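Notes for the structure review
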Amino acid sequence: MRLSQLLLPTEREPPADAEALSHKLMVRAGLIRQMGAGLWSWLPAGWRTHERIVAIVRAEMERVGAQEVLMPVLQPADPWRRTGRYDSVGAELFRLSDRRQADLVLAMTHEEAMTFHVAQVVRSYRELPFVLYQFQTKERDEPRPRAGVLRTREFVMKDAYSFDRDREGLERSYAAQRDAYDAIFDRCGLRWYRVESDVGMMGGFGAHEYMAPCPAGEDEVALAPGYAANVEVASAQPRPVDLPGPLPDGPALVDTPGHTTVEEVSRALGVPPGGLIKAYPVVTEGRGLVMVCLRGDHRVNDVKLTHALGETFRPAHEHEIADRLGPPGFIGPAGANVPVLLDEAVGDGGYVCGANQPDRHLRGVEPGRDFPFSRGDLRRVDAGDTVDGHPITIEPCIEVGQIFKLGTRYSDPLGATYLDEAGREQAIWMGSYGIGPARIAAAAVEQHADEQGIAWPRAIAPYDVEVIGLGRPGSREREAAERLYHQVRAAGLTALLDDRDAGPGEKFADAELLGCPLRLTVGKRSLEAGAAEAQARRGLADLEPVPLEGAEEAVRARWDALP
RNA sequence: CGGGGCGUAGCGCAGCCUGGUAGCGCGUCUGCUUUGGGAGCAGAAGGUCGUCGGUUCGAAUCCGGCCGCCCCGACCA
């Protein structure tokens, strides 16, 4: 492609409202443009990157035998009603009606559509297993789109669905997809982690997320050697805390006038925050008021607490606390007439907790002796906690893919069944597997950029090589660059020729912004040496020059040696 | 949903407080010069000041409604 012909609107300055690096650079480099909140258009160079990612994903799907299909985004509401998601998903699902007032939805994912068809088509165990996949637009009315294409209301997703006769089959399909996903993210040149994750609204009984670490990430991942988990579900050994023993004669009242926070009580009594038990009263539909208790230096993890309770919860209102327990700020488990759910990190010893009376706490409180409780893993892990003796770190990450073991969550309500050898009707076991190519592109930019611009991984750059001809149009340098451009393509690489009538500074700056992995420059200097200068975009490292005679082999060699 | 901010030329911004000819830089167009790090000179085009209403002799500027966009949090397959 000739740059003079390419619609590549580069900008010297980032959009005023851009915050994330990938947002700034992808707009500046002319890859994407915004049309509305969370609504983005891909311009030619950006779309090339998107489609290169798609090609990698497609190749790995085909390799594991998945079959490509395409299903509508606009769908009847009925299957969504049957799975219960029409009501459970909430405002994130776009709902609309047609001219006959029939209810429709814009699909945010395609479990309903895929299962609907499989339920109609599959009759026998002989037809199983198989995997279907598509690249299709998803529509989600996100409460807060942000950061360019990192979180949008409309985006293309590769979504795959496996259909097996039983749990063992699902495990095999899941493992195959997991291996394919590992290969995809490696091939795309990302740094990534596969982490344990929550199943969220998808239902099912097991899931992993693929996380690409970068500063603009919205998720947090807890990492230790051999361990990686979304902070939502991560568990680790807490940092130990020095505790006095429990008081032998039972808890003792201490005055703590006006001290309602962990920090104030800790300072006033000379006890480390971890020596306190902090109470977090919540209300659930099933069991009413529950007092959730953690070590004073720990925080509640809402996802883990929801799992421990087995139902959703809300924080108790102040008046509920005052009516049932005591003055907010001074409540505690000892003597409280509500069930106590105690975090596992609260070990043996004598703790300080609220006394359920104004301006008083209790010292020397021992769980079990001084209050009954049930246990749960409720806390959010902190950096410095340990897994197998290794301290964890917490890194922000972009979620670039997620795989779920769905089981029969969708096949049951939609009637996706088969007849087994004995003629018995059985539910099909499903898995679902999603990847966002746009997020892969944004994550790659986040991970591989510098002051100058983007430094694409080799596999997903808009073009492999950018050829720059210096000098005036019609000069010998330009003619040599033109010949080199053809040789690069003859070498099997994609190439962009900067044939614009522009100064060298502008050409170099734009090349560095766009970030093609290899740059070849023909100027007066290099022409005299019969060669083109070669530079790797990563680190702007100078490489062996490429001789203009028989350039193909040398270009290929430089390319293969790139990181 | 709570909090904060912003809408003036393609991009980045000033002007608003204190009402009176709509500006700057970059970019764009034409011509000449220049061609190894975002060039120089000369000329030119380009704006319903988000929108609707109010106040006023007069509104980008003051007041009100609405719309849009961004950030933080909540939320989120």
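None of these values were measured; they are calculated from a predicted model.

Taken together, five strands build an open sheet; the order of strands is E32-E31-E33-E34-E35 and the sheet is mixed. Only two strands of the sheet have a single neighbouring strand rather than two, namely strand E32 (495-498) and strand E35 (541-547). Shown here is a sheet whose adjacent strand axes are inclined to one another by a mean of 25°, direction ignored. Strand direction decides the pairing type here: strand E34 (residues 531-536) and E35, joined by five bridges, are antiparallel. Paired with Ala-536 across the strands is Ala-541, a residue of E35. Sheet strands in contact with helix H12 (residues 476-490) are strand E31 (465-469), E32, strand E33 (518-522) and E34, and its direction is about 165° off that of E31.

Bridging between strand E13 (residues 252-255) and strand E20 (residues 360-365) involves four bridges; their strand directions are antiparallel. Note that in E20 the partner of Ala-252 across the bridge is Arg-363. Bridge count between strand E19 (residues 351-354) and E20: three bridges; the pairing is antiparallel. Within the sheet, the bridge partner assigned to Tyr-351 lies in E20 and is Val-365. Here E19 folds back onto E20 in antiparallel fashion, the turn holding five residues, of which Asn-356 has a positive phi close to 60°.

The strand order E13-E20-E19 describes an open sheet built from three strands, whose pairing is antiparallel. With one partner strand each, in any of the chains shown, E13 and E19 form the two edges of the open sheet. Pairwise comparison of adjacent strand axes, ignoring direction, gives a mean angle of 35° for this sheet.

Attention now goes to the side chain of Ser-173. Position of Ser-173 relative to the elements: it lies in helix H6 (residues 167-187). Residue class for Ser-173 comes out buried when judged on its relative accessible area of 11%. Engagement of the side chain of Ser-173 in a polar contact is seen with the side chain of Asp-164, the distance being 2.5 Å. Once residues within four sequence positions are removed from consideration, Ser-173 is found in contact with Ser-162, Asp-164 and Tyr-433.

Another aspect to go through is the protein's contact with RNA strand B. Residues in contact with RNA strand B amount to 46 residues; listed here are only the nearest, Arg-12, Met-108, Arg-140, Arg-151 and Met-157. For RNA strand B, the backbone portion of the atoms within 4 Å of the protein, that is sugar and phosphate, comes to 53%. Within the side chain of Arg-525, one N or O atom sits 3.1 Å away from a base nitrogen of RNA strand B. Only strand E1 (32-36), strand E25 (393-407), helix H13 (504-514) and helix H14 (524-528) provide two or more residues apiece to the surface near RNA strand B. For the surface near RNA strand B, the element with the most residues is H13, which contributes seven residues. A class-by-class count of the residues in the surface near RNA strand B yields 17 nonpolar, nine polar and 20 charged.

This paragraph deals with the packing of helix H2 (residues 44-63) against H6. When two helices pack together, their arrangement is given by the angle between their axes and by how far apart the axes lie. Taken N-terminus to C-terminus, the directions of H2 and H6 make an angle of 150°; their axes are 9 Å apart at the nearest point. As the angle between them shows, H2 and H6 are arranged roughly antiparallel. Seen along the crossing, H2 lies across H6 with a hand that is right-handed. Together, Ile-56, Val-57, Ala-59, Glu-60, Met-61 and Arg-63 of H2 and Gln-177, Ala-180, Tyr-181, Ala-183, Ile-184 and Arg-187 of H6 make up the contact between the two elements. Here the contact of H2 with H6 is composed, by residue class, of eight nonpolar, one polar and three charged.

According to the stated counting rule, one finds 32 salt bridges in the structure shown. For the salt bridge of Lys-405 with Glu-171, the shortest nitrogen-to-oxygen distance reads 3.0 Å. One end of the pair, Lys-405, is in strand E25; the other, Glu-171, is in helix H6, and 234 residues separate them in sequence. In this structure, Asp-420 engages Arg-424 in a salt bridge whose closest nitrogen and oxygen atoms are separated by 3.4 Å.

Calculation notes
Sequence order sets the numbering: in each chain, residues are counted from 1 along the sequence as written. Going through the entries in the order they are written, you letter the chains from A and number the ligands from 1. It should be noted that, the model being predicted, local features are given only for residues of pLDDT at least 70 and side-chain atom pairs only at 80 or more, the latter also being counted only at that level, while totals for whole chains, interfaces and linings use all residues. With hydrogens and water stripped out, all remaining heavy atoms of the structure feed into the side-chain values. Here a strand pair is declared whenever DSSP counts at least two bridges between the two strands. Each helix is a run of DSSP H or I of at least 4 residues and each strand a run of E of at least 2, with the numbering of both proceeding from the N terminus. Axes here mean lines fitted to C-alpha atoms, for a helix over just the part in contact, with angles spanning 0 to 180 degrees between N-to-C directions. Working rule for contacts: check all heavy atoms of both residues, and any pair within 4.5 Å makes them a contact. Working definition: with a 1.4 Å probe on protein chains only, accessible area under 20% of the residue-type maximum means buried, over 50% means exposed, and in between means partly exposed. Identification of polar contacts relies on pairs of N or O atoms within 3.5 Å, with a donor-acceptor requirement for protein atoms, meaning one able to donate a hydrogen and the other able to accept it, and with residues adjacent in sequence counted only if both atoms are side-chain atoms. For this purpose, a residue is taken to be near a molecule or strand whenever a single non-hydrogen atom of the residue falls within 4 Å of it. The nonpolar class holds Ala, Val, Leu, Ile, Met, Phe, Trp, Tyr, Cys and Pro. Asp, Glu, Lys and Arg form the charged class, and all remaining residues, Gly among them, are polar. When an angle is under 35 degrees it counts as roughly parallel; over 145 it counts as roughly antiparallel; between 65 and 115 it counts as roughly perpendicular; any other value is oblique. By convention, the crossing between two helices is left-handed when the near helix turns anticlockwise from the far helix through less than a right angle, and right-handed when the turn is clockwise. By convention in these notes, a salt bridge is any Lys or Arg side-chain nitrogen within 4 Å of a carboxyl oxygen on Asp or Glu.

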